[in-house]
Amino acid sequence: MNLPGFQEWLERAGTSPHTRRAYLRLLREFITFIEGSGKELASVMADENERTFAARDWRTHLKHVKRYAPISVNQALASLHTYCQFAGLATPQVKREDMPSLAPRALEKDEQLRLLRAIEKLGGKSAVRDKAIAYTLFYGGLRVAEVAGLNLADVIVSDRRGKVIVRKGKGDRLRETPLADVARKAMLAWLLVRRELWGTPESLTSAPCFTNYQGGRLSTRSMDTLMDELGAEAKIESLTAHVLRHTFTTNLIRGGSDIVLVAELTGHARLETIRRYSLPSEKDKERAVAGLVVDQ
């Protein structure tokens with residue numbers, strides 16, 4: 001299996017660093033499983049039926065030996081499925097595990113308010129840049145790799161309107177996302193600072209929007225670090241850019257936006273994925289039970 005080539009392919013597809021790490025780790029587990037069963041990996045991968053049988057055996061192993069939760073089993077199968085797409089192979093015919101009917105994790109309203117206060121409190125020489133990043137993630141619903149991949153030509157802002165053009169979305173799908181007013185103002189402030197620091201580049205189509213201290217493209221790892229800092233300040237456990245993307249989508253759905261419009265804004269290819277955001281969350285279930293009052 002060509003894992004280095006697969007990693008590069010995932011990066012070009014705009015997947016998050018977390019997804020890439022998880023897929024590569026799981027594929028190494030698959031390789032270990034196949035080799036431990038006495039089969040030759042190359043033979044398994046070369047034969048469509050053998051791939052399917054091996055994937056089904058792996059699913060059983062993950063469920064009953066490794067004791068993986070359904071979401072982890074499905075992620076493992078997704079890693080193999082995606083690798084086959086990369087390699088030009090027919091994907092194994094394996095049924096995914098049934099998942100609990102819950103919405104993806106999104107920030108509660110009080111958490112959102114604490115996060116926005118934490119963003120405003122950002123200080124230091126990178127504060128203007130970091131505010132633009134955080135507001136773009138929160139109000140735009142972009143993936144962290146999509147924000148890191150923005151070039152100057154992809155950011156169109158004026159005193160009244162703003163939008164970003166995502167050219168490196170998942171599956172190489174291009175989309176345009178309007179910037180909410182607070183995100184537009186933060187982006188405009190950063191672009192002014194960026195020009196003071198690095199001047200006007202010769203080519204806007206290749207110059208990164210968000211730069212590091214050397215003027216190069218800011219990495220997704222640096223943006224993940226920013227999320228850690230904001231999470232600590234706002235007292236939000238495990239805050240990530242993807243949680244902000246879920247929050248953006250949930251706010252739209254629960255605010256009454258049409259799911260086709262939401263799919264267009266977020267770059268989701270399947271409407272079924274968007275429908276999950278209308279499902280109850282764990283907090284919704286807790287509030288429902290806590291609100292039960294029985295007269296005695």
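Above: the structure in question.
## Some points on the sheet that holds strand 1 (residues 155-157)
Spatially, 1-2-3 is the arrangement adopted by the 3 strands of the open sheet, whose pairing is antiparallel. Every other strand in the sheet has two partners, leaving strand 1 and strand 3 (175-178) as the edge strands with one partner each. In this sheet, adjacent strand axes meet at a mean angle of 20° when their direction is disregarded. In this sheet, strand 3 lies alongside strand 2 (residues 162-166) in antiparallel orientation, the contact comprising 4 bridges. By the bridge assignment, Val164 is partnered in strand 3 with Thr177. Contacts from helix 9 (residues 181-198) reach strand 1 and strand 2 within the one sheet, and its direction differs from that of strand 1 by about 105°.

## Some remarks on the nonpolar core
The tendency in soluble globular proteins is for nonpolar side chains to be buried side by side. Residues Leu115, Met187, Cys209, Phe210 and Leu230 are the most contacted members of the largest nonpolar core, which totals 41 residues. Looking at this core, the elements with two or more residues in it are helix 6 (109-120), helix 7 (127-140), helix 8 (144-148), strand 2, helix 9, helix 10 (220-234) and helix 11 (241-254). Take this core: its biggest share by element is 7 residues, from helix 7. Setting aside anything within four residues of it in sequence, one finds Phe210 in contact with Arg129, Ala132, Ile133, Val147, Leu150, Met187, Trp190, Gly216, Arg217, Leu218 and Met223.

## Brief notes about helix 2 (residues 17-36)
The end-to-end C-alpha distance of helix 2 is 29 Å, a good match for the 28 Å that 20 residues give at a rise of 1.5 Å each. Within helix 2, burial applies to Pro17, Arg20, Ala22, Tyr23, Leu24, Leu26, Leu27, Phe30, Ile31, Phe33 and Ile34. At its buried positions, helix 2 is contacted by helix 1 (3-12), helix 3 (41-46), helix 4 (48-64), helix 5 (70-87), helix 8 and helix 10. Just downstream of helix 2 lies Gly38, where phi reads positive at about 90°.

Conventions used here
Throughout, a residue's number is its position along its own chain's written sequence, starting from 1. Given that the model is predicted, a residue must reach a pLDDT of at least 70 before its local features are reported, and side-chain atom pairs must reach 80 or more before they are shown or counted; all residues, however, enter totals for whole chains, interfaces and linings. Excluded from the side-chain calculations are hydrogens and water; all other atoms, namely the structure's heavy atoms, are used. Pairing between two strands requires that DSSP report at least two bridges joining them. The helix and strand labels rest on DSSP assignments: H or I over at least four residues marks a helix, E over at least two residues marks a strand, and numbering proceeds from the N terminus. Every angle, taken between N-to-C directions, lies between 0 and 180 degrees, and every axis is a line fitted to C-alpha atoms, over only the stretch in contact when it is a helix. Residue contacts are defined here by distance: any two heavy atoms, one from each residue, within 4.5 Å place the two residues in contact. The term nonpolar core refers to a set of buried residues drawn from Ala, Val, Leu, Ile, Met, Phe, Trp, Tyr and Cys, joined through side-chain atoms within 4.5 Å. Burial classes: relative accessible area under 20% of the type maximum marks a residue as buried, over 50% as exposed, and values in between as partly exposed (1.4 Å probe, protein chains only). Under the convention used throughout, the expected extent of a helix is 1.5 Å for every residue step, that is, one less than its residue count.

Honestly, that's just the spatial picture; any functional story needs more than this.
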